[in-house]
Amino acid sequence: MKTTVLGSGAVLLLGIPLISYFVAPSLKKATGKWVDFGAIDDLTPGSIEMLTYEFLVKDGWLVLPQRGFVWAKTNQDRAIKVFSSTCTHLACNVIWQEEANHFICPCHSGRFDSHGNPVAGPPTKPLSTLESKIEEENLLVYLTF
Ligand code: FES
C-alpha cells in the first residue's frame, strides 16, 4: 500500500511537468511584435510596394525563423496603409500587379482591388489591414505569429 502511494506520487511529480513541457507551447496564444520596415522616405507616393521581413521567434523550446512580406500602399499625401499578403480564401500569398491594378492570388485566381476588397474569384473578405505607425520617420508594422 505504502509503495503504491509513493509510486503514484512520483508519477504525479514527474508527469505533470513533463506534460506541461510538451503541451503548454501548443496552448499558447498568438503573439506579435512591432517590426521596423525602415524609412518612410523610401516608399514611393502613389504606389503599392512589397516589404519583406525576417526575424527569429522563440516557440517553446524551438527558435524558428519567420519570413514573409506585407504590402504598403502609400497615397500621394504620404498616408500609408499596410495590407497582409495573406489571401482571405485559403491563405496563399497575394501579389500586387501594377498593370492590372489588382492584388492577384495565384492559387485560385482570387483578385482584390487596390483597397484590398475582393473583386473576383473565391475570396469574399477583404485583405487584412495591419496595424502600423511611424516612429522617428520609420514605418513599424505589428505582425502576429
Ligand atoms: S487562396 Fe487565394 S483565391 Fe484561394
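Residues numbered from 1 in each chain as written. Predicted model: local features only at pLDDT ≥ 70, side-chain atom pairs only at ≥ 80, totals over all residues. Heavy atoms only, no water.

Draft legend 1. Local environment of the overall build of the chain. Scanning the chain from N- to C-terminus turns up one helix and eleven strands. Nonlocal contacts in the chain, meaning residues at least 24 apart in sequence, comprise 48% of its contacts between residues at least 6 apart. Total accessible area computed for the chain in this model is approximately 9400 Å², and 58% of it derives from carbon and sulfur atoms. (Helix = DSSP H or I, 4+ residues; strand = E, 2+ residues; numbered from the N terminus. Contact = heavy atoms within 4.5 Å. Areas by Shrake-Rupley, 256 points an atom, 1.4 Å probe, with all protein chains shown as cover.)

Draft legend 2. Geometry of the sheet that holds strand 9 (residues 129-130). Ordered by their spatial adjacency, four strands build an open sheet running 2-3-4-9, and the pairing between neighbours is antiparallel. The two strands at the open ends of the sheet, each matched to only one other strand, are strand 2 (47-59) and strand 9. In the sheet, strand 3 (residues 62-74) pairs with strand 4 (residues 80-84) via five bridges, with the strands oriented antiparallel. Bridging across to strand 4, A72 finds its partner in V82. (Pairing = 2+ DSSP bridges.)

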